[in-house]
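These are the residues of each chain, in order.
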Amino acid sequence: KKQEEPIPEVVKLPDSFKTLTGRSQTFTSRYAMSYLKNRGITKDDILRWKIGFCDDGEYSGRVCIPSFDESGDLNYFIARSYGKQFPKYKNPPSSRDIVFNDLYIDWQQPVVMVEGVFDAIVAGNSVPILGSFLKEGSKLFQKIIKEKATIYMALDPDAIEKERRIINSLLDYDITVYKVDVSPYEDVGSMSKSEFEARKKEATIIDSTDYLYQCLRF
């Protein structure tokens, strides 16, 4: 029998989602805009990443950052509280095995690999891994291999072991990897864009010898 194609998972934005990309803003949107401004996120960032917010319902009090696949279809979103809501992040009950905002990534240029979406906003042409590890069978890993992308690793300083495992896996597939020094910052999202660009220019290329040396050193 012919194997049936899997039914694509349908992801929808919350019913209360309101865009922040327009010129006119409501009173409730001011809190979301203030939160984003305090994080160094500009109006251009809001427009590029199609950022919105929710002031009602399950995701009330959160900014929402949608993700689109290479065809332009919604495949995920990140919802982060801008007040005292707990937990800080409340994401949809759908698979995170995606390439976050694949639609906007230029795979012909170096791609920065970061932990979260706010890191990605700072890093520019970048992709967040959205998980504790990047498996070789994941869509993101397979996309990197397919595109033969050059990767700049910029994970959080406290994720050294996770970063090593990812670098080792990428090197096994002859992917060119650079290491960006993020310390002493908590993450890329805590840096200014100009600071990150300066760090990126100083990034060091990692080969198999460097990888083994780092493993022995730490």
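The present account deals with the structure reproduced in this document. Quick caveat, the model's predicted, so the values are computed rather than measured. (Residues numbered from 1 in each chain as written. Predicted model: local features only at pLDDT ≥ 70, side-chain atom pairs only at ≥ 80, totals over all residues. Heavy atoms only, no water.)

### Some words on the environment of S71
For step 1, the next point in the chain: Mapped onto the secondary structure, S71 falls in the loop between β3 (62–68) and β4 (74–81).
For step 2, the next point in the chain: Between the C-alpha atom of S71 and that of L103, which follows or precedes it by 32 residues, the distance is 6.8 Å. (Helix = DSSP H or I, 4+ residues; strand = E, 2+ residues; numbered from the N terminus.)

### Describing unusual backbone geometry
For step 1, the next point in the chain: In this structure, the amide linkage connecting F86 to the following residue, P87, adopts the cis form with an omega of -5°.
For step 2, the next point in the chain: Take P87: it is sitting in the loop between β4 and β5 (111–114).
For step 3, the next point in the chain: Across the junction of S183 and P184, the peptide omega takes the value 5°, indicating a cis bond.
For step 4, the next point in the chain: Take P184: it is sitting in the loop between β8 (177–179) and α6 (193–201).
For step 5, the next point in the chain: At K50, a position not held by glycine, the phi torsion is positive, near 55°.
For step 6, the next point in the chain: With respect to the helices and strands, the residue K50 is situated in the loop between α2 (43–49) and β2 (52–54).
For step 7, the next point in the chain: Despite not being glycine, K148 has its phi angle at roughly 50°, a positive value.

### A look at the side chain of N101
For step 1, the next point in the chain: Checked against the element boundaries, N101 lands in the loop between β4 and β5.
For step 2, the next point in the chain: Assessed through its relative accessible area of 3%, N101 is described here as buried.
For step 3, the next point in the chain: Discounting chain neighbours no more than four positions away, the residues touching N101 are W49, P66, S67 and F68. (Buried < 20%, exposed > 50% of the residue type's maximum accessible area, 1.4 Å probe, protein only. Contact = heavy atoms within 4.5 Å.)

### Here we look at the packing of aromatic side chains
For step 1, the next point in the chain: The final tally for this structure, using the stated rule, is 5 aromatic pairs.
For step 2, the next point in the chain: With centroids separated by 5.3 Å and ring planes inclined at 75°, the aromatic side chains of Y59 and F77 adopt a geometry described as edge-to-face. With a gap of 18 residues between them, Y59 in the loop between β2 and β3 and F77 in strand β4 connect regions that are remote in the sequence. The two residues Y59 and F77 agree in class, both being buried. (Phe/Tyr/Trp six-rings, centres within 6.5 Å; stacked < 30°, edge-to-face > 60°.)

### Some details on the pattern of salt bridges
For step 1, the next point in the chain: Tallied over the full model, the rule gives 9 salt bridges.
For step 2, the next point in the chain: Between E58 and K90 there is a salt bridge, with its nearest N and O atoms 3.5 Å apart. With E58 in the loop between β2 and β3 and K90 in the loop between β4 and β5, this pair connects stretches of sequence that are 32 residues apart.
For step 3, the next point in the chain: Take K90: its relative accessible area is 26%, and that puts it in the partly exposed class.
For step 4, the next point in the chain: Notably, a salt bridge pairs K143 with E70, separated by 2.9 Å at the nearest N-O pair. Here the residue K143 occupies a position in helix α4 (residues 139–147), and E70 occupies one in the loop between β3 and β4, the gap between them amounting to 73 residues. (Salt bridge = Lys/Arg side-chain N within 4 Å of Asp/Glu carboxyl O.)

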